[in-house]
Amino acid sequence: MTAPAPAIQRARHRLHIAADLFCETGTAVTAGIPADNFLRGAFRRHRNWGAKDRRFYGDTVFAYLRWRGWLDPLGLDGPTLGVLARQLDGLPTEAAAGLEAPLLPLDAANPDPAALRRRAVWLAARTGHPEPALGELYPPAVRDLFTSHCPPGLEPALLLAIGQCRPPLWLRLADSVKDVQLRALDLRRDARLSHAASAAKPLSEHQIQDVLGPATVIQDIASQAVGLIARPLPGQTWWDACAGGGGKSLHLAALMGNRGRVWATDCRETALRECGRRAAKAGYETIACRPLDAAVDPPPDPDCDGVLLDAPCSGLGTWGRNPDARWRFQASQLADVVERQRALLDQTARAVKPGGVLIYAVCAWTRAETSDLIRAWLTTRPAFRLQPFTHPLTGLPTTGQILISAPEGPGNTMYIAR
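Bear in mind the structure is a predicted one, so any value in this text is a computation, not a measurement.

Rules and cut-offs
Residues numbered from 1 in each chain as written. Predicted model: local features only at pLDDT ≥ 70, side-chain atom pairs only at ≥ 80, totals over all residues. Heavy atoms only, no water. Helix = DSSP H or I, 4+ residues; strand = E, 2+ residues; numbered from the N terminus. Buried < 20%, exposed > 50% of the residue type's maximum accessible area, 1.4 Å probe, protein only. Lys, Arg positive; Asp, Glu negative; His and termini not counted. Salt bridge = Lys/Arg side-chain N within 4 Å of Asp/Glu carboxyl O. Polar contact = N/O pair within 3.5 Å; in protein donor to acceptor, adjacent residues only side chain to side chain. Contact = heavy atoms within 4.5 Å. Pairing = 2+ DSSP bridges. Patch = residues over 30% accessible without salt bridge, like charges linked within 9 Å, V, L, I, M, F, W, Y side chains within 5 Å. Areas by Shrake-Rupley, 256 points an atom, 1.4 Å probe, with all protein chains shown as cover. Charge placed at Lys NZ, Arg CZ, Asp CG, Glu CD. Core = buried A, V, L, I, M, F, W, Y, C linked by side-chain atoms within 4.5 Å. Axes fitted to C-alpha atoms, helices over the stretch in contact; angles between N-to-C directions.

Caption draft 1: How the structure looks around the side chain of glutamate 369. Relative to the elements of secondary structure, glutamate 369 occurs in the loop between strand 9 (352–362) and helix 15 (371–378). No salt bridge is formed by the buried glutamate 369; its nearest oppositely charged neighbour, arginine 367, is found at 11 Å. Within the structure, the side chain of glutamate 369 is placed 3.2 Å from the side chain of glutamine 341, a separation counted as a polar contact. In this structure the side chain of glutamate 369 is engaged in a polar contact, spanning 2.5 Å, whose partner is the side chain of threonine 366. Sequence-distant contacts of glutamate 369, that is, excluding residues within four places in its chain, are made with Cys313, Ser314, Leu334, Val337, Val338, Gln341, Tyr360, Val362 and Ala364.

Caption draft 2: Structural view of the sheet that holds strand 4 (residues 217–218). The four strands are arranged 2-3-1-4 in an open sheet whose pairing can be described as antiparallel. The open sheet has two edge strands, strand 2 (187–189) and strand 4, and neither has a second partner. In the sheet, strand 1 (residues 169–172) pairs with strand 4 via two bridges, with the strands oriented antiparallel. Its bridge partner being in strand 4, arginine 172 is matched across the sheet by valine 217.

Caption draft 3: Up close: the environment of glycine 283. Summarising the element assignment, glycine 283 is placed in the loop between helix 13 (269–282) and strand 7 (287–291). Spatially, the C-alpha atom of glycine 283 lies 32 Å from that of glutamine 387, the residues being 104 residues apart in sequence.

Caption draft 4: Focus on a positive patch on the surface. Residues Arg40, Arg44, Arg45 and Arg47 make up a contiguous surface patch of positive charge. Inspection of the secondary structure assignment puts arginine 40 in helix 2 (residues 35–45). Overall, arginine 40 belongs to the partly exposed group, its relative accessible area being 43%.

Caption draft 5: Representation of the nonpolar core. Of all hydrophobic cores here, the largest spans 121 residues; its most connected members are Leu71, Trp239, Ile287, Ile359, Tyr360 and Ile416. Looking at this core element by element, the count peaks at nine residues for helix 3 (residues 51–71). Non-local contacts of isoleucine 359, meaning those with residues more than four positions away in its chain, are made with Val226, Ile229, Ala230, Trp238, Val307, Leu308, Leu309, Ile416, Ala417 and Arg418. With 12 residues, the next largest nonpolar core counts Leu171, Leu173, Val177 and Leu182 among its residues.

Caption draft 6: Structural context of the sheet that holds strand 10 (residues 401–404). Read from one edge to the other, the open sheet built from seven strands follows the order 7-6-5-8-9-11-10, with strand pairing classed as mixed. Two strands in the sheet have a free side with no partner beyond their single neighbour: strand 7 and strand 10. Between one strand axis and the next, the sheet turns by 15 degrees as a mean value, whatever way the strands run. With three bridges joining them, strand 5 (residues 237–240) and strand 8 (residues 304–310) adopt parallel strand pairing. Residue aspartate 240 lies in a different strand from strand 8, and its bridge partner there is leucine 308.

Caption draft 7: Representation of unusual backbone geometry. Backbone torsion omega between glycine 409 and proline 410 reads -10 degrees, so that peptide bond is classified as cis. With respect to the helices, strands and loops of the structure, proline 410 is situated in the loop between strand 10 and strand 11 (414–417). With a phi close to 60 degrees, aspartate 186 is a non-glycine residue in the positive phi region. Mapped onto the secondary structure, aspartate 186 falls in the loop between helix 9 (179–184) and strand 2. A relative accessible area of 44% means that aspartate 186 is categorised as partly exposed. Within the chain, arginine 231 stands out as a residue other than glycine whose phi angle is a positive 55 degrees. Counting through the fold element by element, arginine 231 comes out in the loop between helix 11 (221–230) and strand 5.

Purely spatial values, then, with no claim about function.
Here it is as structure tokens:
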């Protein structure tokens, strides 16, 4: 028997490594560890893996996590599951191994439950197993959320399809970026937001900033809408109460022309250090980072022109981009999440001076975290009312609150109230 050609051997070898890696990642995710954190550790342990290998392994892991609900019950070996995951996700497979071409990627701008059902039919024919239901893509513990908390105007089947679509990478561009620079990275400037651009291929922070400069950052288009709805003015004082890595803090500072003060706070000091690093690199002297828990600690300034509360949430609006999150979140956690959101609203509202603005945002679509919460909260806060604004993506007037669904970006789903 002749030995397989080197290219075929290498293809099979990579599939076996990818299979081991997504099995290990799946176990870590079930234990509550984010997949990207686990993968970073794995890549540090295997420095011999080149950039193309890391991309292949990372893509395969996330494809598996996205389709895990359909794949695990099949009882197939790891490499075969890896191939099926990549095909279902519309990713290239190892042509050298004689594998069939992948399916077309799902369209994040036009998520279609019928297209998802066609994948179920394809998988059943491919494996000889019964056709899986759409809901089986999600853990049993969260499936009820798609019906019991479905927001007005969206159908559960559409939400299920949205969660299977990978949105593109979005950048928020510095004022100085020229179209010739965008072409160098195969970026497309958005027709609605002139400072937003989407990437046709994966890009690292190093690649982006090497070509476009340190003031251009990775930021989803729905998150960019939050800053535009806030509309901070030069010289004002704003508090980004749950700043995390600082994407929205940087946006506030940019909109203020680097004049005034942006207090960036978070209870996670590691995230706050990243915020400080990014602010210094981009040259935003207006951003001051301070570790605190905005739900219980006094605000950094009791007299703010505006407060931005991008509250911790279920994260359901990010499941298309972060498929591992569905395997970490439990529906039983929702009540505690909403209680913390309410506490954050109560505490941060104290820092808004008369005539000031409070922005509440969550990357979630459950009614409990969005319109229901704000409606109930406003009944206890007569000094606040919804303030109408223009929708940044459509140009249409709003009542003071919007839900940007993932296909509108396409990006994350984001609820925003002003």
